[in-house]
Structures are given as C-alpha cells and as structure tokens.
Amino acid sequence: MRASSENENRDQGPWVEIDLAALIANYETLKRAAPGATMSAVVKCDAYGLGAADISRALYDKGACREFFVTYPSEGVALRAALGEKRRDATIYVFNGPEETDIAAFGEAKLTPVLNSIEQASLWAKASPNASSILHFDTGINRLGAPLEDAGPLAAMKELAPTHVMSHLACGSDPSDPKNAAQRDEFLEVAKLFPGARLSLSASAGALMDASYHFDLIRPGIALYGGSPFEKDDARIAPVASFKAPILQLRELAPGETVGYGATFCATRKTRIAVAAVGYGDGAPITGSGRAQSAVNGVVVPLAGRISMDLICLDVTGLPAAPAAGDAVELFGAGIRLFDAAEAFGVHSYELLTGLGARVDRRYVWGPGEAGSGE
Ligand SMILES: *Cc1c(COP(=O)(O)O)cnc(C)c1O
C-alpha cells in the first residue's frame, strides 16, 4: 500500500475516500430489510479492496457486527490481529475451510471454518472434535460446497458439530429468476437433517429479497460497500467509496490534435484537456477508454483517449470554470454512482472495488469530507 495519509512525503497520486458512516448506514439498511436475521459482514479480499481492518473495526464498534467472513485462513489471521483483544468475541468464518497445514492457524486465531466437503469435515472433526463450523452445501451454483448426496453422511459424522448450514444463490442478482426459489427449496430440504443448526442462504441480494430468503444469518458484502447486488442500481445503498485523483496538468488542443496512445481521441474544436494521476494500474480499467466519465468540481465530464497505466485525460472544455492543477477528479463516489461507473468501465461493481490498486491511498472519513482515522 502507498504511503498513508499521515505521511508527509505522500505522492500526488490517487486515493479512495471511504466513508465509514455510509458503511454503517448500509449495514443498518440491510438489518432493517431482514429484521429476523443476524447480519454478518463479508470482508474477504481486503473488504472488497477497502481495507478489512478499518472496515471490520468500524462495523464492530458502530454497527455491533460480531460475525465476519473471509476467504483464506491467512485473511482470518490478519483480521483477528486487526480486531484485537477488545473485540475478541467476534466470530471469523473462513469460506474456503481448512487444509491440514492450516489447522494450527485456525486454533491460534480462533477461526471457524466453512466446511465444503466430506474430506474437510473429517479433517476438522478429527483435529478439533465438536468445535464450531459451518457446513456448506451446493444447491445449484456448482461452485464450492458439498453435494446434497453427502448430507446424510455429514449429518451422521461423529464429533462434527456444525453451528450453521449454509448455501449460496447463483442468481440473486435477478430476484425474479426461478433458480432462486429452487435453491431455497433444496436448502430447506437439506437443512432438515441438521435440526439444531442455524441457517444461512443469502448474501446482499437475498437480504433485499423477501423474507423467505433471510433465514438466521445473512452474509452481505457488496451492499455494505456501496454497490448494488442487482442487475440495476439500488437507491437504498449509499455510496461508501469515492475514487479520486489530482489533476497534474492542463493543456489546450487545436482542432485535429489527438490525445493519448493510439491517438484515439481527436479534437474537433478548441479543446481543454485535464491530465489526472490515475490509470489502469490503479484500477481504472482500460475498457473504460472512450466511455467512462469523471466528475470535476461537481460536473461530470467524459474521458478523452485511451486510459494509460498511470494517467487519464479528461475533456474539460465544457466546464463553466477551468479546473486547476491539484483539483480532484472523481471516477466514482458521491457524484458518479459505483453502479454507473462500473457499467461505463465495462466491469462489475465488485471488480471496480477489488481492482483498486496498491498505490491507491485508502483514506477513512466519518461522513462526507470529514477526515478521521479508522481506529
Ligand atoms: C462473496 C460471498 C458473499 C457476499 O456476496 P455479496 O454479493 O458481495 O453480498 C456471501 N457468501 C459467499 C459464499 C460469498 O462467496
């Protein structure tokens, strides 16, 4: 990660402003949408690129979140350290479950595995008899999870004491897809074999679907971070991340002059170009060239030419007042919804967030514009 905001030698480069108050607001929105369920937080992949440590501490302290999901044991170990002694009652689940070589880490960091096969379940039952775990069944996504045929043997397995049974929807992004109800009904069938276990089917999408999808524990990710889990935007979700970069230079082009690699933009009139310090190396996908937009001083303007590794160019000719070097451009955030930016860049919201590069300084604020530290 690049020099943090406390560092006086900070580069004039891109940053992402992460509004922890908006994160908590989204968490509360999901809780209200699914009042009967416990709301956890999926903080895998460094909380979708926004920083699992600060995100999780905020959710614990201000949202009363006590259950967290990561993908790898190493992510769980790092999260346990970030939560620290004063938040030691947090439960950290590991989606990918244990390998034999991970068992010690699970014990030391008090991690709870998601068990995705008979093999993983046997390993866990032998290594940690009757310790908590989640049993994950595949009800039709055909990704991770034990097949339904294994439910009988798993229910009979000695010293396996799953606290939860979970599954995952393939088509939550489209609530009208009949596959959702089919998966839910399969899930209810398999759950009958585990009468003492709590049930967890839904991620962000399911939390915002009807109550028949809520069950006991919901595992939201994207909606916490300001993204819609659906195929269209969802106004209930508040923007959390604002991806910004400073303008480095301005230049005036005569008609016929071009911008960037491949000269894909050609000025048809006197054109003012702003060059900003962010590129595909920072997570502005090159597929946004000629399509994506940015907000400059509150006004949305088009990108000009091909996005390069470290730089983008914007056509700011139409701005009522010329911007200055040092002014911020926003690729998404309060001015441009994450959903719309992702569409224009030709990727999903999930990918736009997780693609934020290592050079992008993560700056945490409580409320728009209010600087503050995460801890
Ligand atoms: C990533 C993931 C989630 C969170 O999904 P969102 O769509 O981001 O809410 C929940 N459950 C599982 C199994 C996942 O892999």
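Not measured: the values here are computed from a predicted model.

A. Focus on the confidence of the model for the protein. The share of residues in the protein with pLDDT of 70 or more is 95%, and the mean pLDDT across the chain is 95. Scored below 50 in pLDDT, residues 1-5 makes 16 contacts in the model with residues more than four places away or belonging to other chains. Scored below 50 in pLDDT, residues 371-375 shows eleven contacts in the model against residues more than four places distant or in partner chains.

B. Fine view of the nonpolar core. In this structure, Val43, Leu50, Ile55, Leu59, Phe68 and Tyr225 are the most contacted members of the largest nonpolar core, which totals 109 residues. With six residues, the top contributor of residues to this core is helix α1 (residues 20-33). What Ile55 contacts, discounting residues up to four positions off in sequence, is Ile18, Leu20, Leu23, Val43, Ala47, Leu50 and Tyr225. Of all hydrophobic cores here, the second largest spans eight residues; its members include Val259, Phe265, Ala304 and Cys313.

C. How the structure looks around unusual backbone geometry. The residue Ala64 is not glycine, and still its phi comes out positive at about 60°. Among the secondary structure elements, Ala64 is positioned in the loop between α3 (52-63) and β4 (67-70). Unlike most non-glycine residues, Lys110 shows phi in positive territory, near 50°. Tracing the sequence through the fold places Lys110 in the loop between α5 (103-108) and β6 (111-115). The exposure class assigned to Lys110 is partly exposed, which follows from its relative accessible area of 49%.

D. Region of the structure containing the site of the ligand. In the vicinity of the ligand there are 14 residues, among which Lys44, Tyr48, Ser204, Gly221 and Tyr350 approach most closely. A distance of 3.0 Å separates a nitrogen atom of the ligand from a polar atom in the side chain of Arg219. Here an oxygen atom of the ligand and a backbone polar atom of Gly221 are 2.8 Å apart. Protein chains shield 90% of the accessible area of the ligand, which is 390 Å² for the free molecule. Partitioning the shell around the ligand into residue classes produces eight nonpolar, three polar and three charged.

E. Quick peek at the pattern of salt bridges. One pass over the structure, following the stated rule, counts 15 salt bridges. Where Lys244 meets Glu17, a salt bridge forms, and the shortest distance between an N and an O atom there is 3.5 Å. Placement of the pair is Lys244 in strand β11 (residues 241-253) and Glu17 in strand β1 (residues 15-19), with a sequence separation of 227 residues. Accessibility assignment for this pair places Lys244 and Glu17 in one class, buried. Between Arg359 and Asp282 there is a salt bridge, with its nearest N and O atoms 2.9 Å apart. Taken as a pair, Arg359 in the loop between α11 (349-354) and β19 (361-365) and Asp282 in the loop between β14 (271-276) and β15 (293-296) lie far apart in primary sequence, 77 residues in all.

F. How the structure looks around the side chain of Ser200. By the secondary structure assignment, Ser200 is in strand β9 (residues 198-200). Using a relative accessible area of 1% as the deciding quantity, one classes Ser200 as buried. In terms of polar contacts, Ser200 uses its side chain to reach the backbone carbonyl oxygen of Leu217, at 2.8 Å. Contact partners of Ser200, with chain neighbours within four places excluded, come to Val165, Met166, Ser167, Phe187, Leu217 and Arg219.

G. Structural view of the sheet that holds strand β7 (residues 134-136). Taken together, the seven strands give an open sheet; going across it, the order is β3-β4-β5-β6-β7-β8-β9, and neighbouring strands pair in parallel fashion. Taken across any chain shown, the strands that pair with only one partner, and hence form the sheet edges, are β3 (41-42) and β9. Pairing of β7 with strand β8 (residues 164-166) involves three bridges; the strand directions are parallel. From the neighbouring strand, His136 faces β8, where its bridge partner is Met166.

Criteria and thresholds
Sequence positions are assigned chain by chain, starting from 1 and proceeding in written order. In keeping with the model being predicted, local features are shown solely for residues with a pLDDT of at least 70 and side-chain atom pairs are shown and tallied solely at 80 or more, while totals for entire chains, interfaces and linings include all residues. Working from all heavy atoms in the structure, the side-chain values ignore hydrogens and water. Every residue is assigned a pLDDT by the predictor, reflecting its confidence on a scale from 0 to 100. Working rule for contacts: check all heavy atoms of both residues, and any pair within 4.5 Å makes them a contact. We call a set of buried residues a nonpolar core when its members are Ala, Val, Leu, Ile, Met, Phe, Trp, Tyr or Cys and they connect through side-chain atoms within 4.5 Å of each other. Between buried and exposed lies partly exposed: a residue is buried under 20% and exposed over 50% of the maximum accessible area for its type, with that area taken using a 1.4 Å probe on protein chains only. Where helices and strands are cited, they refer to DSSP runs of H or I of at least four residues and of E of at least two residues respectively, numbered from the N terminus. Proximity is defined per residue: any heavy atom of the residue falling within 4 Å of a molecule or strand makes that residue near it. In protein, a polar contact means a hydrogen-donor-capable atom and an acceptor-capable atom, both N or O and within 3.5 Å, with residues adjacent in sequence counting only if both atoms are side-chain atoms; elsewhere, any N or O pair within 3.5 Å suffices. In short, Shrake-Rupley with a 1.4 Å probe defines the accessible areas, and a residue's cover is counted only from the protein chains shown. Here the term charged refers only to Asp, Glu, Lys and Arg, the term nonpolar to Ala, Val, Leu, Ile, Met, Phe, Trp, Tyr, Cys and Pro, and the term polar to all other amino acids, Gly among them. Salt bridge, as applied in this entry: a Lys or Arg side-chain nitrogen positioned within 4 Å of an Asp or Glu carboxyl oxygen. Strand pairing is defined by DSSP finding a minimum of two bridges between the two strands.

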